[in-house]
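One-letter residues, chain by chain:
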Amino acid sequence: MATDHAPPPVEASARLLLPQILPALLVGVGASLLFLGISALAEEFQHVLWNDLPDALGIGNHSSLWTIAMLTATGVAVGLVVWKVPGHAGPDPASQGLGEAPLAPGVVPGLLLASTLSLAGGVSLGPENPIIATAITLTFWLGSKAAPAVPGAAWVALASAATIGALFGTPVAAALVLSEALVGRPGRGSLWDRLFAPLVAAGAGAMTTQLISDPSFDVGLPPLTDPGLGDLLAALVIASAAAVFGLASCYLFPHVHAAFGRLRHPMLMLPLGGLVLGLLGALGGPLTLFKGLAETKELTASIGAWSSGELAKFAAVKLLALVVAASCGFRGGRIFPAVFIGASFGLLAQALVPEVHPAVAVSSAVLGVLLATTRQGWISLFTGAVLAASPSMLALLCLASLPAWLIVTGRPQLELDHRGDALR
């Protein structure tokens, strides 16, 4: 009998899904160990550079002179890696987002070395892009050798999910990102069939991270227990204003990148970028250095202790530092610095209007800045929600994301295409 309705999708059977569990578990654990190992190494090296060494020299570890010297030296070190190490630490990071295609395996050592040096040296970038790129490359390379019949896209999905789960300490973020990525893509079975193995990998990565390091995005904000219309209005306004503020980095990005690009050589671009970052760090102070998560916790631990002028300085300096670091060739991600920018902006709003609840101010501002700088809607919403650590905030953030998205959609991104133009 003829029908106008399309046939329902063929469901994958348990017989097809069960064999995916073991490789997914291995990828999840491996991605987490990679993330934890690089993070631990960077933290140890950071302690040497910013504590042991200045103490031995009798210099203040966060004096302006030491900050400028250390960031410049980091630029020299990363420049040497990009110049001399095989693979040149991968392609220009300005044109690389989360979850790109696998790199050549020979690129991985230089990419990890450059990322570790950047993290330890105080550069305003996070670990997520290099870690995800490395996990994708190694998983694709090993998986293709072990099971050549498995499509390469399956290995990429496993590695992406596993690393996102490890980074955030929960598979929820990976599920949200992958469900967004899979919309409209052809594939066998329902969405949950296609998410099955990546969720196993994300869960294994998250549990491994939780068991070893017990990560937390809780920044100590007082919980919002009974939201009202005033809280909703504040969330709408702050998220939208923060999105506009975050967009400033997207408009600056191609111009700053082009200015550094005229220098052509990594031993000019990166040391100069390090010098500029050192000057910005000296201006903004220690809180504006490094990837920003620990600094965000320090910032929110003293709500009310910072003046509006100090908070505005923190937000502006960190935003400029993020643009410079991402433009001149340092390897790293943009999510964690954007969280600090959003937290500073939110506390600035709360300082100007004390009636605004701190959880509303911070989580809404983080949402707006992340939407502008990443265009990852689910990641932005998830991060804002976990920072607030309050279920009552989720509805407010969902509504606040709507006007903020209208502001950022179709605008330039904090990522360039291969011609050097901002993506639209």
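As shown above, the structure is provided for reference.
(A) Structural context of the packing of aromatic side chains. Taken as a whole and assessed by the stated rule, the structure comprises five aromatic pairs. Pairing Phe-168 with Phe-382 gives two aromatic rings, centres 5.7 Å apart and planes at 80°, and the pair type is edge-to-face. Placement of the pair is Phe-168 in helix H6 (residues 152–168) and Phe-382 in helix H15 (residues 377–388), with a sequence separation of 214 residues. Phe-168 gets classed as buried once you look at its relative accessible area, which sits at 9%.

(B) Broad picture of unusual backbone geometry. Although it is not a glycine, Ala-89 sits at a positive phi angle of roughly 60°. Summarising the element assignment, Ala-89 is placed in the loop between helix H3 (64–84) and helix H4 (108–121). Relative accessible area serves as the criterion here: at 1%, Ala-89 is assigned to the buried category. Even without a glycine there, the phi angle at Arg-264 is positive, about 70°. For Arg-264, the position within the fold is in the loop between helix H9 (229–261) and helix H10 (266–284).

(C) Region of the structure containing H6. Here H6 is 17 residues long and its end C-alpha atoms lie 25 Å apart, about the 24 Å a rise of 1.5 Å per residue gives. Most of H6 sits out of view: 13 of its 17 residues are buried. Gly-169 sits one or two positions beyond H6 and adopts a positive phi of about 70°.

(D) Structural context of the nonpolar core. With 112 residues, the main nonpolar core has Trp-50, Phe-168, Leu-277, Leu-299, Phe-330 and Val-360 as its most contacted residues. Membership of the second largest hydrophobic core comes to nine residues, among which are Ala-24, Ala-31, Trp-155 and Ala-197.

Rules and cut-offs
Residues numbered from 1 in each chain as written. Predicted model: local features only at pLDDT ≥ 70, side-chain atom pairs only at ≥ 80, totals over all residues. Heavy atoms only, no water. Phe/Tyr/Trp six-rings, centres within 6.5 Å; stacked < 30°, edge-to-face > 60°. Helix = DSSP H or I, 4+ residues; strand = E, 2+ residues; numbered from the N terminus. Buried < 20%, exposed > 50% of the residue type's maximum accessible area, 1.4 Å probe, protein only. Expected span 1.5 Å × (residues − 1). Core = buried A, V, L, I, M, F, W, Y, C linked by side-chain atoms within 4.5 Å.

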